[in-house]
Amino acid sequence: MSTSLARGAGAIYFGPFLVTPQVFHLTPLSFALVNLKPILPGHVLVSPRRVVARVRDLTPAETADLFLTTRQVASMVERVYGATSLNIAIQDGKDAGQSVPHVHTHIIPRKRADLDHMGGTDAVYELMDGEEGDIGRFQSMRQAGRSYRFSAIESEGRKPRSDEEMRVEAETLAKEMEKEVD
């Protein structure tokens, strides 16, 4: 599915944020999108089309589709980014580090020693949590035309990307999704 096809499906929102150009895969109940501020190259998100804050708010059909879509996207991400493993995570609620009140799975491709410079394998959880992972706040300020400055530590590896960078990645991943077979 190309990004132009996603646009034909109507506006797609991640919480309150319009993300249609970032979408690279769409099902009747879920969508996959590239990440504004990836932890590692290939870090993408999968979310239900209906905006719901918590996993408990999903219908059984949405739950099944979300996880089947996560499985399919994860397979593609692992193949395309040459990963040997994946982190697949859900931060279910604000106190769990969820920065956008819309259920979403993080799919992060991993390779041996990829985060050794940041303290090791489990550094991924610190990067997802806290202010450096507060993509919702960054998106809100961005849409309001205000700049948001991440601290020097946050900015070392996780830089917010331009709309064009995300659109190009979404187009590339859409083509790769066409190669996936369930």
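A quick note: this is a predicted structure, and the numbers were derived from the prediction, not measured.

K.L.:
Please set out the overall build of the protein chain residue by residue, giving values where relevant.
P.N.:
Counting secondary structure elements, the protein chain contains six helices and seven strands. Relative to its 182 residues, the protein chain shows a buried fraction of 49%. Once local pairs closer than 6 in sequence are excluded, the contacts in the protein chain between residues at least 24 apart make up 61%.

K.L.:
Now, about the nonpolar core: what can you tell me, with residues and values included?
P.N.:
In this structure, Phe24, Val44, Val73, Met76 and Ile107 are the most contacted members of the largest nonpolar core, which totals 20 residues. For valine 44, the residues in contact, after removing those within four places along its chain, are Phe24, Leu33, Val34, Val73, Val77, Thr105, His106, Ile107 and Leu173. If you look at the next biggest cluster of nonpolar residues, it comprises ten residues, including Phe14, Val19, Val23 and Phe31.

K.L.:
Provide a residue-level description of the side chain of threonine 69, including the pertinent values.
P.N.:
Relative to the elements of secondary structure, threonine 69 occurs in helix 2 (residues 60-80). When its relative accessible area of 3% is taken as the criterion, threonine 69 is described as buried. If we skip the residues at most four places from it in the chain, threonine 69 touches His25, Thr27, Ser30 and Val46.

K.L.:
Please give an account of the UniProt feature "site: Important for induction of apoptosis" (unreviewed entry) in the protein chain that cites residues and values.
P.N.:
UniProt annotation of "site: Important for induction of apoptosis" (unreviewed entry) refers to Tyr125 when read in the numbering used here. Structurally, tyrosine 125 can be placed in helix 3 (residues 123-128).

K.L.:
Explain the confidence of the model for the protein chain to me, using residue names and the numbers behind them.
P.N.:
In the predicted model, the protein chain carries a mean pLDDT of 83, and the fraction of residues at 70 or more is 79%. Helix 5 (residues 152-155) is the least confidently modelled element of the protein chain, averaging 38 in pLDDT, while helix 2 averages 98, the highest of any element. This model gives residues 1-5 a pLDDT under 50, and the stretch forms 16 contacts once residues within four places in sequence are excluded. Taken as a whole, residues 148-156 scores under 50 in pLDDT and shows 13 contacts with residues more than four places along the chain or in a different chain.

K.L.:
Tell me what's going on with a nonpolar patch on the surface, and back it up with residues and numbers.
P.N.:
Residues Tyr13, Leu18 and Val51 make up a contiguous nonpolar surface patch of roughly 260 Å² in combined accessible area. As for its position among the elements, tyrosine 13 is in strand 1 (residues 13-14). Look at tyrosine 13 and you get partly exposed, because its relative accessible area is 37%.

K.L.:
I'd like to hear about helix 2, residue by residue, with values.
P.N.:
Given a rise of 1.5 Å per residue, 21 residues ought to cover 30 Å, and the 30 Å separating the end C-alpha atoms of helix 2 matches this to within 8%. Buried-residue contacts for helix 2 involve strand 3 (23-26), strand 4 (30-34), strand 5 (44-48), strand 6 (85-90), strand 7 (105-110) and helix 6 (163-177). Just downstream of helix 2 lies glycine 82, where phi reads positive at about 60°.

K.L.:
Break down helix 6 for me, citing the residues and quoting the values.
P.N.:
End to end, helix 6 covers 21 Å across 15 residues, agreeing with the expected 21 Å (1.5 Å per residue, within 8%). Residues of helix 6 that are buried: Met166, Glu169, Ala170, Glu171, Leu173, Ala174, Glu176 and Met177.

Parameters and conventions
Residues numbered from 1 in each chain as written. Predicted model: local features only at pLDDT ≥ 70, side-chain atom pairs only at ≥ 80, totals over all residues. Heavy atoms only, no water. Helix = DSSP H or I, 4+ residues; strand = E, 2+ residues; numbered from the N terminus. Buried < 20%, exposed > 50% of the residue type's maximum accessible area, 1.4 Å probe, protein only. Contact = heavy atoms within 4.5 Å. Core = buried A, V, L, I, M, F, W, Y, C linked by side-chain atoms within 4.5 Å. UniProt positions renumbered as here; feature names shortened; annotations may be inferred. pLDDT = per-residue confidence, 0-100. Patch = residues over 30% accessible without salt bridge, like charges linked within 9 Å, V, L, I, M, F, W, Y side chains within 5 Å. Areas by Shrake-Rupley, 256 points an atom, 1.4 Å probe, with all protein chains shown as cover. Salt bridge = Lys/Arg side-chain N within 4 Å of Asp/Glu carboxyl O. Expected span 1.5 Å × (residues − 1).

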